[in-house]
Amino acid sequence: MTPADIAAALGRRVHQEASDFANAFAPYRALALGGRAPQALAVTPRALARGDKAHGAAMLAGRFVLAGETLQVEAGDSPWDLPAPSRRFAEALHGFAWLPDLLAVDDQEARAAARTLTDDWIARFGAWNFVSWAPGVLAARVRAWTLAGAALLTGEEAPGRLKSLARQCRRLARVLPVTPADRTRLDAALSLSLAAMCLGLPGRLQTRAGAALEAALKAQILPDGGHASRNPEAAADILIALCELDAAAAAGAAPLPGEVRRSIDRLSGFVRFSRLPGGALAGFHGGGEGDGRAMDAALAHAGGGKAPAGKVFNVAPHAGYHRAEAAGSVVIMDAAGPPPGLHGADTHASALAFEFAASGARIVVSCGWSPDHGVRWREAVRATAAHSALTLEETSSARLLGPGWRRDLTGPRIAHGPDPVKVRRNEEELGVWLEASHDGYRKAFGMSLRRRIFLAMDGADMRGEDGLFRPVEDGPPDNPEARLRFAIRFHLHPDVRASLSRDSMSALLVLPSGDGWRFRTDGGPVRLDRSVYLAAGAPPRRSTQLVVSGEAEPFGGGERPPNRVRWAFQRLGRVGAA
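A brief structural summary.

1. Observations concerning unusual backbone geometry
So, step 1. For the bond from Ala538 to Pro539, the omega torsion is -5°, close enough to zero to count as cis.
So, step 2. Turning to its location among the elements, Pro539 is positioned in the loop between β19 (526-533) and β20 (541-552).
So, step 3. Residue Pro561 is joined to Pro562 through a cis peptide bond whose omega torsion reads 5°.
So, step 4. Along the polypeptide, Pro562 turns up in the loop between β20 and β21 (564-574).
So, step 5. Notably, Leu352 is not glycine yet its phi reads approximately 75°, a positive angle.
So, step 6. Note that Leu352 resides in the loop between β5 (329-334) and β6 (354-358).
So, step 7. The buried category is assigned to Leu352, whose relative accessible area is 1%.

Now the structure itself:
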């Protein structure tokens, strides 16, 4: 982290607190947020994502589950009057993250409950509150209310909600310049653009929202369609939001910045690149599986009514991923270091990790992440050990900022990562070769890591090799007799059943379809350890990981044991019942 990063974070903090302090005074709010209130929706938007009906039914029974925490609301009480279990829970509650789930119940009781909870929020927090009017929470609520459409913003009591939503839009427009220039700003610009269009707010506000959206898209959407955070689910969520905005603009015959269409085209390609057989996204850098139905709808919108066809590209050089695909088998490798600056607050130490899917199912995964989980999981799943990669001396290839004022000011960024990550790709008649390396362990242990992966053209043979080597220019190690413990982990999807062979040198993997795969290695005994899978949302799912351990010599080229371990996943055919 550079002094410029610290100065920028300090400047944003000062501007944000000054803005919050000003808005705490009613006369300032009356002047800054006042204006004509819309009387009805000018455009009714269509949400591409659907809520969870089971979660909505639980809310009707008084059980609110958000951010991995639970709040039980007894009959006659209001969640707005009860202490929140955590700050993340409060942010999700005030951001109305639960509203799509409640409306998914799709009956009069659920719609009445949604309207009552909204009106209660307006009565208690509609003027001002430091938590519920924070930029990220405000943007999420503006989007949730707008996409609720007729269920929330029509009827006899709708004028009060429309007036409140317009005030929130004016606040969001004013706070955009001091919002952190990461995903928060892009989400805020998207929410404001959609709400301003659907409410028919003054043209100057729509112009301001469009300019902010265009600038954020140019700054954060990479040329290959990835998001600057390197999170595939972030790219998918932005694509979904842009398609909702584009559809609303078409319905209202309203213009949009040209960057919106360009970003939709780029994002749709990257989302297709990041999806594995079955439709789920690879779970890298804070992302999970994503909403498959919403992604399908967004890709259909991007393709003019049908999902784009054609071959998926195999390299995302700006986002830092490689994809190898053959006969229905897919490997996606993380082949870059952590993103810089603000976009690294949620990044993982996952360089050279991979996910593998075949036979229509995911086999090797990462633990992944979803905001539905509690904060106690967050740090653990950012570690290298939570990915299908090699760890040396039980440390991660990238280091997070430790507790202290720097972390408090800038967030939980990566202090230093495994840059540079180098990668080579070779495609031939036999299959696809990927070779990548990084120096994430060089400073601490004097070792660099090289990973090679081969996917055969028939899709039935995926082989790999991990090698630890000491760069020649570093000279001999201080203690040639020392040994460095390493572990190579392969986290299995929860639906995969694994059993070891008698000699523990291989394992049988059975997929939900009954198809079998054999894992083999020359690196010593394989063991089955517990793992956990978070990418599908709450609750966490128990899973298994294959672990190959060893002790490396602190010298050598990584081309022979014990510094080199070879492994393979090979299809066997149908071995079990579906």
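Having seen the structure, we can now continue with the description.
2. A word on the sheet that holds strand β11 (residues 422-427)
Hydrogen bonding along the main chain pairs the strands of a sheet, whether they run parallel or antiparallel.
So, step 1. Spatial strand order, β11-β12-β13-β14-β21-β18-β17-β16: eight strands in an open sheet with antiparallel pairing. Of all strands in the sheet, those bounded by a partner on one side alone are β11 and β16 (497-500). Put simply, the sheet's adjacent strands are angled 15° from each other on average, direction ignored.
So, step 2. As defined by bridge partners, β11 adjoins strand β12 (residues 431-438) across six bridges and the pair is classed as antiparallel. Paired with Lys422 across the strands is Ser437, a residue of β12.

3. Details of the packing of aromatic side chains
So, step 1. Inspection of every chain in the model, using the stated rule, returns 27 aromatic pairs.
So, step 2. Here Phe270 and Tyr321 contribute two aromatic rings whose centre-to-centre distance is 6.4 Å and whose plane-to-plane angle is 45°, an arrangement assigned as tilted. Here Tyr321 lies in strand β4 (residues 321-326) and Phe270 lies in helix α13 (residues 258-274), a separation of 51 residues in the sequence. Comparing Phe270 with Tyr321 shows no difference in burial state: the two are buried.
So, step 3. With a centroid separation of 5.1 Å and 55° between ring planes, the pair formed by Phe490 and Phe519 is classed as tilted. Residue Phe490 is found in strand β15 (residues 484-492), and its partner Phe519 is found in strand β18 (residues 515-521); the two are separated by 29 residues along the sequence. Each member of the pair, Phe490 together with Phe519, is buried.
So, step 4. These aromatic residues form a ring-pair network of at least three members: Phe64, Trp80, Phe96, Trp98, Trp121, Phe125, Trp128, Phe130, Trp133 and Trp145.
So, step 5. Of note, Arg230 hangs over the ring of Tyr321, and the distance from its end group to the ring centre comes to 4.7 Å.

4. A short note on the side chain of Ser132
So, step 1. Turning to its location among the elements, Ser132 is positioned in the loop between α6 (108-125) and α7 (135-148).
So, step 2. Under the relative-accessibility criterion, Ser132 is labelled buried at 0%.
So, step 3. In this structure Ser132 touches His94, Trp121, Phe125, Val137, Leu138 and Arg141, once residues within four positions along its chain are discounted.

5. Digging into the pattern of salt bridges
So, step 1. Tallying each qualifying case throughout the model produces 37 salt bridges.
So, step 2. Measuring nitrogen to oxygen at the nearest pair gives 2.7 Å for the salt bridge that ties Asp81 to Arg124. One end of the pair, Asp81, is in the loop between β2 (69-72) and α4 (87-94); the other, Arg124, is in helix α6, and 43 residues separate them in sequence.
So, step 3. The partner of Asp187 in a salt bridge is Arg183, with the nearest N and O atoms 3.0 Å apart. You can see Asp187 and its partner Arg183 sitting in helix α10 (residues 183-199), four residues apart, about one turn around the helix.
So, step 4. A relative accessible area of 27% means that Asp187 is categorised as partly exposed.

6. Looking at helix α14 (residues 292-302)
An α-helical turn contains 3.6 residues, so any two residues separated by three or four positions project in the same direction.
So, step 1. Within α14 the residues assigned to the buried category are Ala294, Met295, Ala298, Leu299, Ala300 and Ala302.
So, step 2. Summarising the contacts, the buried residues of α14 are in contact with α12 (232-251) and α13.
So, step 3. At the N-terminal boundary of α14, the capping side chain belongs to Asp291, with an oxygen 3.2 Å from the backbone nitrogen of Arg293.

7. A word on the side chain of Glu289
So, step 1. Relative to the helices and strands, Glu289 resides in the loop between α13 and α14.
So, step 2. A polar side-chain atom of Glu289 sits 3.4 Å from a polar atom in the side chain of Arg362.
So, step 3. Not counting the four nearest positions on each side in its chain, Glu289 is found in contact with Ala280, Leu281, Met295, Arg362, His493, Tyr533, Ala535 and Ala536.

8. Details of the packing of α12 against α13
So, step 1. Close contact between α12 and α13 brings their axes to 9 Å; oriented N to C, the two are set at 140°. By the criterion of interaxial angle, the relationship of α12 to α13 is oblique. Along this stretch, α12 crosses α13, giving a crossing that reads as left-handed. Together, Pro232, Ala235, Ala236, Ile238, Leu239, Leu242, Cys243 and Asp246 of α12 and Val260, Arg261, Ser263, Ile264, Leu267, Ser268, Phe270, Val271 and Ser274 of α13 make up the contact between the two elements.
So, step 2. Broken down by class, the residue content of the contact of α12 with α13 amounts to 12 nonpolar, three polar and two charged.

9. As for the pairing of strand β13 (residues 448-456)
So, step 1. The buried fraction of β13 is high, at eight of nine residues.
So, step 2. Of the strand pairs in this sheet, β12 and β13 are connected by eight bridges, and their pairing is antiparallel. By the bridge assignment, Val432 is partnered in β13 with Leu455.
So, step 3. Between β13 and strand β14 (residues 461-469), which pair antiparallel one after the other, the connecting turn spans four residues, and Gly459 there sits at a positive phi close to 70°.

10. Brief notes about the layout of surface pockets
So, step 1. By volume, the second largest pocket is sized at about 320 Å³.
So, step 2. The wall of the second largest pocket is formed by 18 residues, among which Met59, Leu60, Val73, Asp77 and Leu117 lie closest to the centre.
So, step 3. Counting residues per element, the ones that place at least two in the lining of the second largest pocket are α3 (53-60) and α6.
So, step 4. The element best represented in the lining of the second largest pocket is α6, accounting for five residues.

What counts as what
- Residues numbered from 1 in each chain as written.
- Predicted model: local features only at pLDDT ≥ 70, side-chain atom pairs only at ≥ 80, totals over all residues.
- Heavy atoms only, no water.
- Helix = DSSP H or I, 4+ residues; strand = E, 2+ residues; numbered from the N terminus.
- Buried < 20%, exposed > 50% of the residue type's maximum accessible area, 1.4 Å probe, protein only.
- Pairing = 2+ DSSP bridges.
- Axes fitted to C-alpha atoms, helices over the stretch in contact; angles between N-to-C directions.
- Phe/Tyr/Trp six-rings, centres within 6.5 Å; stacked < 30°, edge-to-face > 60°.
- Lys NZ or Arg CZ within 6 Å of the ring centre and 35° of its normal.
- Contact = heavy atoms within 4.5 Å.
- Salt bridge = Lys/Arg side-chain N within 4 Å of Asp/Glu carboxyl O.
- Polar contact = N/O pair within 3.5 Å; in protein donor to acceptor, adjacent residues only side chain to side chain.
- Parallel < 35°, antiparallel > 145°, perpendicular 65-115°, else oblique.
- Left-handed = near helix turned anticlockwise from the far one by under 90°.
- Nonpolar A, V, L, I, M, F, W, Y, C, P; charged D, E, K, R; others polar.
- 1 Å grid on protein atoms, 1.4 Å probe; cavity = no way out; pocket = protein on both sides within 12 Å on 5 of 7 lines; lining within 4 Å.
- Points joined across faces, edges and corners; volume = space filled by probe spheres on them.

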